[in-house]
Amino acid sequence: MEKMYLLRKILLISLVLVLFSCEKEDFLSNDIDQTARQNEITAKNVAGKTFQGENVPVGSGFVFSWVTFNNYGTLMEVGIDITPEVYESLPRSGDFEKPLIIPFSEDVKKFIPFNHVGLNWSNGNPENPLLTKPHFDVHFFMITVEQRMEIPEFSDESEALFTNYPSAEHFPSGYKPFAKNSRAEAMIGNHWYPTKALKTSDYALFLGSYDGKFTFLDPMVSLDFLKNESLLISEEIPQPAIYPSDKDFPKYFNIYTNKKKNNSITLSTFIQR
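In this report, we go over the structure that sits alongside the text. Residue positions within a chain follow its written sequence, with the count starting from 1. Reporting in this predicted model follows two pLDDT cut-offs: at least 70 for local features of residues, and 80 or more for side-chain atom pairs to be given and counted; totals over whole chains, interfaces and linings ignore these cut-offs and use all residues. Heavy atoms throughout the structure, all of them, feed into the side-chain values; hydrogens and water do not.

1. Overview of the overall build of the protein chain
Inference 1: Secondary structure is summarised from DSSP: a helix means a run of H or I of at least four residues, a strand means a run of E of at least two, and numbering begins at the N terminus for each. On a plain count of helices and strands, the protein chain comes out with four helices and 15 strands.
Inference 2: The buried label applies to any residue whose accessible area, calculated with a 1.4 Å probe on protein chains only, is under 20% of its type's maximum; exposed applies above 50%, and partly exposed to all values in between. Buried positions account for 43% of the 273 residues belonging to the protein chain.
Inference 3: Any two residues whose heavy atoms approach within 4.5 Å are treated as being in contact. Taking contacts inside the protein chain between residues at least 6 apart in sequence as the whole, the part at least 24 apart equals 55%.
Inference 4: Accessible surface is estimated by sampling points in the Shrake-Rupley manner with a 1.4 Å probe; for residues, cover comes only from the protein chains shown. Of the roughly 15,600 Å² of accessible surface on the protein chain, a fraction of 54% belongs to carbon and sulfur atoms.

What follows is the structure in structure tokens.
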């Protein structure tokens, strides 16, 4: 009798363990399916839409970011708009005290290779032939704000970090760092300029690195050029052999006046990864 009772007890425990194992597998499977469905829904939700970031006041106007997807959910264009009122109240001497942070909408950060935009204003640098005119630098950063804040001033102590350049395959060809690290800057990194002769001093695409990594794209555009009402340019972006992330990478940078009379500075035609 006692043996029969023990046998029944063992069978009951075995049955419970089997049922628990099946329920656990079903739970894990459902959880994985739910995550996959959520990712699919999120991708569908961006299709055919433009997502605007918050307005950042600049003088009498403001600047904001935006990201556009086509009807299939493919990333098409990433950029910022500058309203005309910004130009009425820029510093007449000197630059912004620090780069303005132009955030992207949190809804789309997972789909784009950039974390945020850093906007800089300069009254020009007569010592640098590429930067003589008053201009904006629009840094599309692939690192976080927190990582940027850790970038120190250029000095003997920090020189090794600024001059730790990415390997050739991780950086587009046709670029080199400014002489004597003249544009190695705190909270930004080291700027690289195109070695091919520029068509104009009104705009250019600079690139950037810090501590061995390709960290930003920097369309530069002069104030006079932005005030042109019929503004429309598009230039191809050199591609690295190995991309800086697994997200899509832009093929063109663009500067134009849109229907709202704002100036748009953008990156577009993203190469799918």
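What follows picks up the thread again.
2. With respect to unusual backbone geometry
Inference 1: Even without being glycine, M187 reaches a positive phi, approximately 60 degrees.
Inference 2: Topologically, M187 is positioned in the loop between β9 (184-185) and β10 (189-194).
Inference 3: The phi torsion at T269 lies on the positive side, around 55 degrees, for a residue other than glycine.
Inference 4: As for its position among the elements, T269 is in strand β15 (residues 263-271).

3. Structural notes on the pattern of salt bridges
Inference 1: We count a salt bridge whenever a side-chain nitrogen from Lys or Arg sits within 4 Å of a carboxyl oxygen from Asp or Glu. On inspection of all chains with the given rule, the structure shows four salt bridges.
Inference 2: Residue D202 pairs with K133 through a salt bridge whose shortest N-O separation is 3.0 Å. Separated by 69 residues along the polypeptide, D202 in the loop between β10 and β11 (203-210) and K133 in the loop between β6 (116-122) and β7 (135-141) bring together distant segments of the chain.
Inference 3: Residue D202 is classed as buried on the basis of its relative accessible area, which comes to 15%.
Inference 4: A salt bridge links R183 to D137, with the nearest nitrogen and oxygen atoms 3.5 Å apart. Taken together, the residues span a long stretch of sequence, with R183 in the loop between β8 (175-177) and β9 and D137 in strand β7 at a distance of 46 residues.
Inference 5: R183 gets classed as buried once you look at its relative accessible area, which sits at 8%.
Inference 6: Among the charged side chains, a network of salt bridges with common partners joins D137, R183 and E185.

4. Topic: the packing of aromatic side chains
Inference 1: Working definition: a ring pair exists when centres of Phe, Tyr or Trp rings (six-membered ring for Trp) sit within 6.5 Å. Plane angles under 30 degrees give stacked, over 60 give edge-to-face, the rest tilted. Going through the model one piece at a time under the given rule, you end up with 17 aromatic pairs.
Inference 2: Taking the centre distance of 6.1 Å and the plane angle of 35 degrees together, the rings of F62 and F64 count as tilted.
Inference 3: When the centroid spacing of 5.1 Å and the interplanar angle of 55 degrees are considered together, the rings of W121 and F136 count as tilted. Here W121 is found in strand β6, whereas its partner F136 is found in strand β7, with 15 residues between them in sequence.
Inference 4: An aromatic cluster is present here, built from Y165, F171, W192, F214, Y243 and F249 joined pairwise through their rings.
Inference 5: In this structure, R183 packs its charged tip against the face of F178, placed 5.7 Å from the ring centre. Geometrically, a lysine NZ or arginine CZ counts as sitting over a ring once it is within 6 Å of the ring centre and also within 35 degrees of the ring normal.

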